[in-house]
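Structural overview for review
Letter by letter, the chains look like this.
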Amino acid sequence: MTFSKGLAGVVADTTQISQVQGEDGRLIYRGISIDELANQSSFEEVSYFLLKGKLPNPSELSSWTDKLKKYRKLDSDVEKALLSLPTDMHPMVALQALLAVLIHKEKPAQLKDKEAHIETSAFLISQLATLIAQVSRRRRGLPLLPVKDSLSHTSHFLYLLQGKDPDTKIAHFFDVAMILHMDHDFNASTFAARVIASTEAHLTSAISGAIGALSGPLHGGANERVLDMADAIKSPDKASAWILETLQKKGKVMGFGHRVYRTLDPRAKILKEILDTLAKDSKTQDVTFDILKKVHDTMIEELSKKEKDYIWPNVDFWSGSFYRNIGIEKIDFTPLFALARVVGWSSHVIEMWEDNRIYRPAAEYVGPDHVPYAKVK
Ligand code: ACO
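Each value, and the rule that gives it
Residues numbered from 1 in each chain as written. Predicted model: local features only at pLDDT ≥ 70, side-chain atom pairs only at ≥ 80, totals over all residues. Heavy atoms only, no water. Helix = DSSP H or I, 4+ residues; strand = E, 2+ residues; numbered from the N terminus. Rg over C-alpha atoms; globule rule 2.2 N^0.38 Å. Buried < 20%, exposed > 50% of the residue type's maximum accessible area, 1.4 Å probe, protein only. Areas by Shrake-Rupley, 256 points an atom, 1.4 Å probe, with all protein chains shown as cover. Lys, Arg positive; Asp, Glu negative; His and termini not counted. Charge placed at Lys NZ, Arg CZ, Asp CG, Glu CD. Expected span 1.5 Å × (residues − 1). Contact = heavy atoms within 4.5 Å. Pairing = 2+ DSSP bridges. Domains from an automatic or database assignment. Buried area = accessible area lost by both parts, 1.4 Å probe. Salt bridge = Lys/Arg side-chain N within 4 Å of Asp/Glu carboxyl O. Polar contact = N/O pair within 3.5 Å; in protein donor to acceptor, adjacent residues only side chain to side chain. 1 Å grid on protein atoms, 1.4 Å probe; cavity = no way out; pocket = protein on both sides within 12 Å on 5 of 7 lines; lining within 4 Å. Points joined across faces, edges and corners; volume = space filled by probe spheres on them. Nonpolar A, V, L, I, M, F, W, Y, C, P; charged D, E, K, R; others polar.

Describing the overall build of the protein chain
- Looking only at helices and strands, one finds 16 helices and 3 strands in the protein chain.
- Taking 21 Å as the expected radius of gyration for a compact globule of 377 residues, we find that the protein chain reaches 21 Å, a close match to that expectation.
- Out of the 377 residues in the protein chain, the part that is buried amounts to 49%.
- Working note: accessible area of the protein chain is about 18,400 Å², and carbon and sulfur atoms make up 53% of it.
- Each charge class in the protein chain can be summarised by its mean position, and for the 48 positive and 48 negative side chains these summaries are 4 Å apart.

Topic: helix α11 (residues 222-233)
- With 12 residues, α11 extends 16 Å between its outermost C-alpha atoms, agreeing within 8% with the 16 Å of an ideal straight helix rising 1.5 Å per residue.
- When α11 is considered as a whole, its buried residues turn out to be A222, N223, E224, V226, L227, M229, A230 and I233.
- Close packing links the buried residues of α11 with α12 (239-248), α14 (287-305), α15 (315-325) and α16 (333-353).
- One or two positions beyond α11, positive phi appears at K234, with a value near 75°.

Quick look at the pairing of strand β1 (residues 18-21)
- As paired elements, β1 and strand β2 (residues 26-29) share 4 bridges and run antiparallel to each other. Counterpart to S18 in the pairing with β2 is Y29.
- Where β1 folds back on β2, the antiparallel hairpin that results is connected by 4 residues, among which G25 adopts a positive phi of roughly 65°.

Some thoughts on the domain arrangement of the protein chain
- In terms of domains, the protein chain is made up of domain 1 (17-218 + 332-353) and domain 2 (222-325).
- On the side of domain 2, 28 residues touch domain 1, which itself brings 28 residues to the contact.
- Taken together, both faces of the contact between domain 1 and domain 2 bury some 2,300 Å²; the carbon and sulfur share is 68%.
- For the domain 1 face of the interface with domain 2, the top three residues by lost area are F173, P217 and F333, together amounting to 28%.
- One can count 1 salt bridge joining domain 1 with domain 2.
- K169 is the partner of D281 in a salt bridge, and the nearest nitrogen-oxygen pair spans 2.3 Å.
- Counting every contact that joins domain 1 to domain 2 gives 7 residue pairs in polar contact (both at pLDDT 80 or more).
- Residue assignment for the side of domain 1 that touches domain 2 shows that the elements contributing at least two residues are β2, α1 (34-40), α8 (168-180) and α16.
- The biggest single contributor to the side of domain 1 that touches domain 2 is α8, with 8 residues.

Some words on the sheet that holds β2
- Across the sheet, which stays open at both edges, the 3 strands sit in the order β1-β2-β3 with antiparallel pairing between neighbours. The open sheet is flanked by β1 and β3 (32-33), the only strands paired with a single partner.
- Two strands pair when backbone bridges link them, and β2 and β3 are joined in this way by 2 bridges, in the antiparallel orientation. Bridge pairing links Y29 to I32 in β3.

Thoughts on empty space enclosed by the protein
- On inspection of all chains with the given rule, the structure shows 2 cavities of 30 Å³ or more.
- L82, L85, P86, T87, M89, P91, A94, V135, R138 and R139 together form the lining of the largest cavity.
- Every element with two or more residues in the lining of the largest cavity is listed here: α5 (91-102) and α6 (114-139).
- Here the lining of the largest cavity takes 3 residues from α6, the largest share from any one element.
- What lines the second largest cavity is simply R72, S126, A129, T130, H153, H156, F157 and L160.
- Those elements that place two or more of their residues in the lining of the second largest cavity are α6 and α7 (153-162).
- Ranked by residue count, the leading element in the lining of the second largest cavity is α7, at 4 residues.
- In terms of residue class, the lining of the second largest cavity is built from 3 nonpolar, 4 polar and 1 charged.

In structure tokens:
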């Protein structure tokens, strides 16, 4: 048996869904480069592609779009559960709890009934979008907003969150950001979903567990922490000193580093281009973006001095700055990751169930043996 801390380098299964080509800074979804999909596609098209394994024709795309719309509305018991949660709960925790409420709505299906699981996935993709927006509204003291039939999946999400139809350009950039976050081979939350589903538990349970895994600061929670860092730095001229001090104390700078990428994360590159476009078009200064640009430059310079030039910004480094720019609060950033990644999680579970085997790794026991039992007296 081989031992690898954090399962680094361990191949746990095969997949056709996505591949991170870490040395080249490429990410592909079913063979197509993420750059091409981000440039030319939509949330609806890519979600269909990842789940079904083929690009949709126009009529398939139209019925998939209608299906996602059909599942937008929450049942009254789910809405009641949402309204009973504490308003100061972190939204990722609230989502995990609410997903548990959705479990009994999942229709029983044979493990290999791919179409039934794709139907459940469509339900979860839409319900999760509504839940994320409504949980956020409630935390901000706003009334829950009724869903409507118009708008694309991601534009409708922005409508629910912000109470108005989004600007076309912002809606497009947001759609791109969601495509970028949809899948990333065997990342921690996808692996968590696969472990849960490998026991043949509900797909909804696997998604709920994946949300828990995504919430941690070393995974999806990093985008929120990047903005905590920018807020602590306060102004661009203080960024370099802040970073030097952090590195000197052997601290980690959130939004940098990746287990697989050894060069720039292609998703970070596209998000930075979006931020550059927004900055060019805007008449006001985006302080967060300016601070992060300074952090970026200082990090690149310092890491190269330390011969750690394999550490680059990951997707989380720029995503929070983009979300803040379009008026979304920091605490809602990680839920946005889930809004997109639910597509990848579902696709992986469905793929795995085609040929399932329970995950059960081994442990190297390093504790004592033959310890005499001493009864409590
Ligand atoms: N800032 C400073 N130093 C870093 C950073 C960082 N962000 N990331 C890695 N390093 C250093 C480590 O301290 C370590 O140095 P050492 O060899 O002197 O001890 C070396 O680079 C190797 O790093 P590891 O932590 O071993 O890398 P690992 O593959 O285990 O972890 C991880 C990757 C968790 C992403 C790590 O880089 C990290 O904690 N980054 C910050 C959090 C973050 O941005 N997470 C989001 C990841 S992407 C995502 O989930 C979408």
